[in-house]
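Okay, here's what each chain looks like letter by letter:
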Amino acid sequence: MTNLRIGHGYDVHRLVEGRKLIIGGVDIPWEKGLLGHSDADVLVHAVMDALTGAARLGDIGKLFPDTDPAYAGISSIKLLAHVGKLLGEKGYAVVNIDCVLLAQAPKVGPYRAQMARNMAAALGIDTEQINVKATTEEGLGFTGDGSGMAAHAVVLLEKLNG
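Residues numbered from 1 in each chain as written. Predicted model: local features only at pLDDT ≥ 70, side-chain atom pairs only at ≥ 80, totals over all residues. Heavy atoms only, no water.

Asks: For this particular structure, what's the right way to read the sheet that holds strand β7 (residues 148–159)?
Replies: The pairing of strands in a sheet happens through backbone hydrogen bonds and is either parallel or antiparallel. Ordered by their spatial adjacency, five strands build an open sheet running β4-β1-β7-β5-β6, and the pairing between neighbours is mixed. In this open sheet, the two strands that pair with only one neighbour each are β4 (33–34) and β6 (130–135). With six bridges connecting them, strand β5 (residues 92–102) and β6 associate as parallel partners. Of the residues in β6, the one forming a bridge with L102 is T135. The sheet strands contacting helix α4 (residues 112–123) are β5 and β6, and the helix crosses β6 at an angle near 140°. (Pairing = 2+ DSSP bridges. Helix = DSSP H or I, 4+ residues; strand = E, 2+ residues; numbered from the N terminus. Contact = heavy atoms within 4.5 Å. Axes fitted to C-alpha atoms, helices over the stretch in contact; angles between N-to-C directions.)

Dropping the structure here:
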């Protein structure tokens with residue numbers, strides 16, 4: 001049996017007025033924010049789903065149900081730290097994370113390094129283990145017309161024991 005496991009995560013949230021735009025744990029000044037039960041951090045949600053998938057922990061809907069008032073408005077970075085703790089308990093270590101935000105606007109290039117630092121700190125790993133990318137979809141689909149944002153993440157975990 002191999003000691004390496006790959007996980008893929010995907011998340012999507014609608015953009016609305018009257019909400020903060022939190023991506024990768026960074027509060028980005030913009031006219032709209034992402035709608036969700038927590039802070040709706042689409043990038044961190046995709047990363048968490050990739051991590052939980054690789055470790056066979058289910059998904060974030062199972063771990064942090066949107067029917068539980070304890071998670072209303074919660075920081076997704078706090079939830080990511082909890083996922084990191086669960087990974088450690090199961091004997092997994094993060095090898096690397098590659099994630100991409102799909103959004104027409106705003107431009108997030110200036111924030112990508114901080115996003116990586118935030119996620120690395122939550123997981124107790126080095127920022128060199130996280131790559132954060134962003135792309136537009138050339139005006140196509142719900143991300144292109146500005147009605148929502150999506151994110152994908154791929155992770156590699158290593159089983160350290162058992």
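Asks: Is there a simple way to explain the side chain of K159 in this structure?
Replies: The residue K159 is located in strand β7 in this model. Buried and without a salt bridge, K159 has E89 as its closest oppositely charged side chain, separated by 11 Å. Among the polar contacts listed, one links the side chain of K159 to the backbone oxygen of K90, at a separation of 2.6 Å. Leaving out residues up to four positions away in the same chain, K159 has contacts with N3, K90, G91 and Y92. (Buried < 20%, exposed > 50% of the residue type's maximum accessible area, 1.4 Å probe, protein only. Lys, Arg positive; Asp, Glu negative; His and termini not counted. Salt bridge = Lys/Arg side-chain N within 4 Å of Asp/Glu carboxyl O. Polar contact = N/O pair within 3.5 Å; in protein donor to acceptor, adjacent residues only side chain to side chain.)

Asks: Sorry, what's going on with the pattern of salt bridges here?
Replies: For side chains of opposite charge, pairing can occur when their charged atoms come near one another. Across all of its chains, the model carries three salt bridges by this definition. D27 is the partner of K20 in a salt bridge, and the nearest nitrogen-oxygen pair spans 3.5 Å. Residue D27 is classed as partly exposed on the basis of its relative accessible area, which comes to 41%. Across the pair D98 and K133 runs a salt bridge, and its minimum N-O distance is 2.9 Å. Residue D98 is located in strand β5, and its partner K133 is located in strand β6; the two are separated by 35 residues in the primary sequence. The class of D98 is partly exposed, set by a relative accessible area of 27%.

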